[in-house]
Amino acid sequence: MASSVLSRALLAHRFLRSSSTHFHKPKFFTSPFSMRSFHWLLAPSHLSHKASGSVYCSMTSSAVASQASFSMQSLPANEPVVSVDWLHANLREPNVKVLDASWYMPDEQRNPVQEYQVAHIPGALFFDVDGISDRTSNLPHMLPSEEAFAAAVSALGIENKDGLVVYDGKGIFSAARVWWMFRVFGHDRIWVLDGGLPRWRASGFDVESSASSDAIFKASAASEAIEKVYQGQHVGPFTFETRFQPHLVWTLEQVKKNVEEKTYQHVDARSKARFDGAAPEPRKGIRSGHVPGSRCIPFAQELHWTNL
């Protein structure tokens, strides 16, 4: 899963001090969730595809995310996060929908659905990262097909005109994965809540302690819609239209080719212990170690650095 990598991309605006920053190579990433899950990899649209020259990051520092007076329409597509203050001020806007995309590693023994039912941002829908996935793959939460994604998102009541704010229970983790998924399918009107549910609660804002019957129905309907699509059954009507962006994903074949050709620098965002194979993978059957030629830049350390 690519969410930890996207966490780094989403946080870029915190430590960029100018409108463009130079890098020597574009970087493609390995998910911290599974060594085998690099079947789909992020290829950021704001990085060029030439390794020989400088490339530029288009995500610039902006005060937009912290300005509660701004409307959703005023937020630029390249601004990846919004503040809890902004969301609190705009939570009741009809064109704003909030998604709880909490997901946890198996060894954490946390149940995101149960936690959603105990406490979530008022009106938030639950987005099941494991459920809204490719049911034909034996790998965890792989990117679903366009039709499957459109069916699930439509079942949640989401439309292309909606502005989406996605958060998770750890602060910034799995929410970034869902941000990427929507962008892969052509929806740029999506932002990650900076600090997630922990910062929302720390700011003193209210949470709902029970899920409405409508929210539960929609979450169930999304899972059912995915199943129907992969079983070849008719699903509809769709309220969400996808526009697949192939430049935002890499296939396993592309990764293998790059291992040989070394055109791009591959970055592994997992912990150093997992990268080195010194710590066991949290999922059974997943090998330790890393993709040859990768460099380890643990996303958790980057999050700590940006919060100093």
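The rules behind each value
Residues numbered from 1 in each chain as written. Predicted model: local features only at pLDDT ≥ 70, side-chain atom pairs only at ≥ 80, totals over all residues. Heavy atoms only, no water. Helix = DSSP H or I, 4+ residues; strand = E, 2+ residues; numbered from the N terminus. Buried < 20%, exposed > 50% of the residue type's maximum accessible area, 1.4 Å probe, protein only. Contact = heavy atoms within 4.5 Å. Areas by Shrake-Rupley, 256 points an atom, 1.4 Å probe, with all protein chains shown as cover. Polar contact = N/O pair within 3.5 Å; in protein donor to acceptor, adjacent residues only side chain to side chain. Pairing = 2+ DSSP bridges.

- Looking at an unreviewed UniProt entry, one finds the chain named 3-mercaptopyruvate sulfurtransferase, with Olea europaea subsp. europaea as its source organism.

### Here we look at the overall build of the chain
Then, number 1: Helices and strands together make up the secondary structure of the chain, namely 11 helices and 12 strands.
Then, number 2: Within the chain, buried positions represent 52% of all 308 residues.
Then, number 3: Across the chain, contacts joining residues at least 24 apart in sequence account for 77% of those joining residues at least 6 apart.
Then, number 4: Carbon and sulfur atoms form 51% of the exposed surface of the chain, whose accessible area is close to 13900 Å².

### Here we look at the side chain of R274
Then, number 1: Tracing the sequence through the fold places R274 in helix α10 (residues 272-276).
Then, number 2: One polar contact links R274 to E281, side chain to side chain, over a distance of 2.7 Å.

### Focus: the pairing of strand β6 (residues 96-100)
Two faces belong to every sheet, and in a regular strand the side chains alternate between them.
Then, number 1: Judged by how many residues are buried, β6 sits mostly within the fold: 5 of 5 residues are covered.
Then, number 2: Covered by surrounding structure in β6 are V96, V98 and D100 together with K97 and L99, the residues of both alternating faces.
Then, number 3: In this structure, β6 lies alongside strand β8 (residues 163-167), joined through 5 bridges in parallel fashion. Paired with V98 across the bridge in β8 is V165.
Then, number 4: Of the strand pairs in this sheet, β6 and strand β7 (residues 125-126) are connected by 2 bridges, and their pairing is parallel.

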